[in-house]
Amino acid sequence: MAKPKKTPRPKAQTPKGFRDYFGAEVTQRAEMLNAIAAVYHRYGFDALESSGVETVEALGKFLPDVDRPNEGVFAWQEDDESGKGDWLALRYDLTAPLARVYAQHRNDLPTPYRRYAMGPVWRNEKPGPGRFRQFYQCDADTVGAPSVAADAEICAMLADCLEAVGIERGDYVVRVNNRKVLNGVLEVAGLAGDDKEHERGIVLRAIDKLDRLGPEGVRALLGEGRKDESGDFTEGAGLSAEQADVVMGFMQAKRDTGAETVARLRALVAGSTVGTQGVDELETIESLLDAGGYGPDRIEIDPSVVRGLGYYTGPVYEAELTFEIFDEKGRKRQFGSVAGGGRYDDLVKRFTGQEVPATGVSIGVDRLLAALHAKGRLQDDTQGPVVVTVMDRDRMADYQAMVAELRQAGIRAEVYLGNPKNFGNQLKYADRRDSPVAVIEGGDEKEKGVIQIKDLILGAQMAESATLEEWKDRPSQFEVPRGELVAKVREILALHGRDK
């Protein structure tokens, strides 16, 4: 009789394109999101949590670099008796779900509806360095406001968010453009009409890659196509040299001042009604921002911004961090974009049949966190808990009482719950937890009504020193009455600046 095959053990590895987040990363992200939420709240936006799963039909097909139906999303079909259940998918952003929510609940919501949302999104795309299939977004949108004053407000709020989390003025710029201007340019270039929709999509995606591919790479995508370093070929728009010149002229229309840029754009779209309307809107946005004190040192008009998503219909904007960092090869480069958004007046119309104006922004949470690390605005170390050691396992109630006192006083603390037999292992555990203090109460201490409190931070500093001379007047362990537990721990935390 053949032996039954053993069930293979599952591999303990993260799926490709995903990652795990541990303590400090999760804490830092939460703190940053709280700072951003405070700005959103100050501007009058309300929080919204919607489902992470939507129907594929509701999400729509707006992802960049997608040529096949439903490519780019994680989707599956519901089982039902007919075998024709709905196709569901994980959301790829937080904007498409908002359109569904507003269309569904519009009779119960104020108009305009101002909401912010934060959470993970998923894209079934090829992963790469720093490019994951699951990532966090942090959005704010205004639905039901046709005026470009709503767009100007979003741009101002984005600038305030960056400064609120620690990106100083001068280290970022919010760049603003208008899809209507680009549509006017495409009209002038002979790319208007439904029969040119495929080519227009390629042009939009090509322009959006300017910062990554440079002018030569974009021009290649406007023409026959481009082969990247790995040998993969990307289809081009097939434009003639003259058509490509018009598009490249649009991308390079930025001048020294907003007024000069607007004048250049007005010349490029001469003869196009939609293009002229877009230029007028940019002019209005600039004047509104200037009135609010948001000058070109914070927000500027830049024709190279188009955004890759296909649902934008008017103003588009992007926040770029301008300070330099070193890449993995030691080369200097600018950090780049951390947020973007724009106006999408047709997205809700898909559900209601009526045009509903909307505009919003999405902040890339992971990239902004990486930027804060690069600027030294975040500390990699986080304060671990005070560890109450266990000298006698039969007196666990005493140790739990100590830790309860510390917690009630607002101090992070825990009882050691491993095998207490080896006291050295308990201190090693405290070191791995970055614990500032260890509390010790053996039988002798219990009889005398005292406890030992060990300053682990000072102990670590003493261990690293070549000489003990500088530490001779600074004890790292104290014996205090049991009733002074909280007071002494607070004193040590304050000494090391960990009482925050």
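For the structure itself, consult the block above.
Here the structure is a predicted model, which means the values were calculated and not measured.

Novice: Any chance you could explain helix H14 (residues 423–432) here in plain terms?
Specialist: What sets the pattern is the α-helix's 3.6 residues per turn: residues three or four places apart point alike. Every buried residue of H14 is accounted for by Gln426, Leu427 and Ala430. Considered in projection along H14, the buried side chains sweep an arc of 95 degrees and stay on one side of the axis. Facing away from the buried side of H14 by more than 90 degrees, the exposed set consists of Lys428, Asp431 and Arg432. Packing partners of the buried residues in H14 comprise strand S14 (386–388), strand S16 (437–440), strand S17 (450–455) and helix H16 (456–464). Of the residues that open H14, the one with a side-chain oxygen 2.9 Å from the backbone nitrogen of Gly424 is Asn422.

Novice: What's the story with the environment of Ala189 in this structure? I'm lost.
Specialist: Structurally, Ala189 is set in the loop between helix H5 (179–188) and helix H6 (197–208). As for Ala189 and Asp160, which are separated by 29 residues in sequence, their C-alpha atoms are 38 Å apart. Look past the residues within four positions of Ala189 in its chain and what remains in contact with it is Gln243 and Val246.

Novice: Quick question: what am I supposed to make of the environment of Ile299 here?
Specialist: Structurally, Ile299 is set in strand S10 (residues 299–301). Excluding residues that lie within four positions of it along the chain, Ile299 makes contacts with Cys155, Ala156, Val174, Val176, Leu289 and Tyr294.

Novice: Would you mind going over the pairing of strand S5 (residues 113–122) with me for this structure?
Specialist: Successive side chains on a regular strand alternate, one facing one side of the sheet and the next facing the other. In terms of burial, S5 is largely enclosed, as 8 of its 10 residues are buried. Both strand S1 (residues 46–47) and S5 contribute to a ladder of 2 bridges, which runs parallel. From the neighbouring strand, Asp46 faces S5, where its bridge partner is Arg115.

Novice: Help me understand the packing of aromatic side chains in this model?
Specialist: For any pair of aromatic rings, the description rests on two quantities: the centre-to-centre distance and the angle between the ring planes. Summed over all chains, the structure comprises 4 aromatic pairs. A centroid spacing of 5.5 Å and a plane angle of 45 degrees characterise the contact between Tyr40 and Tyr116, whose relative ring orientation is tilted. On the criterion of sequence distance, the pair formed by Tyr40 in helix H1 (residues 23–42) and Tyr116 in strand S5 is long-range, its members being 76 residues apart. Of the two residues, Tyr40 and Tyr116, neither departs from the other in class, the shared state being buried. Measuring from centroid to centroid gives 6.4 Å for Tyr102 and Tyr113, while their planes differ by 20 degrees, and the two rings are stacked. Pair noted here: Tyr102 is in helix H3 (residues 95–105) and Tyr113 is in strand S5, with a separation of 11 residues, a long-range link. Judged by relative accessible area, which is 5%, Tyr102 ranks as buried. The class for Tyr113 is buried, based on a relative accessible area of 6%. The ring of Phe45 has Arg114 lying over it, and the distance from NZ or CZ to the ring centre is 4.4 Å.

Novice: Sorry if this is basic, but what is going on with the environment of Lys61 here?
Specialist: Considering the arrangement of structural elements, one finds Lys61 in the loop between helix H2 (56–59) and strand S3 (75–77). On a C-alpha basis, the gap between Lys61 and Val73 in space is 9.4 Å, while along the polypeptide they are 12 residues apart.

Novice: For this particular structure, what's the right way to read the pattern of salt bridges?
Specialist: Where charged atoms from two side chains of opposite charge come close, those side chains can pair. This structure, assessed with the given rule, holds 28 salt bridges. Ionic pairing is found between Glu153 and Arg114, a salt bridge with its closest N-O pair at 3.0 Å. Residue Glu153 is found in helix H4 (residues 149–165), and its partner Arg114 is found in strand S5; the two are separated by 39 residues along the sequence. Residue Glu153 is classed as partly exposed on the basis of its relative accessible area, which comes to 24%. On the accessibility criterion, Arg114 (23% relative accessible area) is partly exposed. Two residues, Asp398 and Lys446, come together in a salt bridge whose shortest N-O distance is 3.4 Å. Highlighted residues: Asp398 in helix H13 (residues 396–408) and Lys446 in helix H15 (residues 443–448), separated in sequence by 48 residues. For Asp398, a relative accessible area of 25% puts it in the partly exposed group. Residue class for Lys446 comes out partly exposed when judged on its relative accessible area of 40%.

Novice: What's the story with the state of the cysteines in this structure? I'm lost.
Specialist: Linking two cysteines covalently through their sulfur atoms gives a disulfide. Following the criterion strictly, the structure yields 0 disulfides and no others. Here Cys138 stays free of any disulfide, with the sulfur of Cys161 as its closest cysteine sulfur at 6.8 Å. The class for Cys138 is buried, based on a relative accessible area of 0%. Among the cysteines around Cys155, which has no disulfide bond, Cys161 carries the closest sulfur, lying 12 Å off. Residue class for Cys155 comes out buried when judged on its relative accessible area of 0%.

Criteria and cut-off values
Residues numbered from 1 in each chain as written. Predicted model: local features only at pLDDT ≥ 70, side-chain atom pairs only at ≥ 80, totals over all residues. Heavy atoms only, no water. Buried < 20%, exposed > 50% of the residue type's maximum accessible area, 1.4 Å probe, protein only. Helix = DSSP H or I, 4+ residues; strand = E, 2+ residues; numbered from the N terminus. Arc of directions from axis to C-beta. Contact = heavy atoms within 4.5 Å. Polar contact = N/O pair within 3.5 Å; in protein donor to acceptor, adjacent residues only side chain to side chain. Pairing = 2+ DSSP bridges. Phe/Tyr/Trp six-rings, centres within 6.5 Å; stacked < 30°, edge-to-face > 60°. Lys NZ or Arg CZ within 6 Å of the ring centre and 35° of its normal. Salt bridge = Lys/Arg side-chain N within 4 Å of Asp/Glu carboxyl O. Disulfide = S-S within 2.5 Å.

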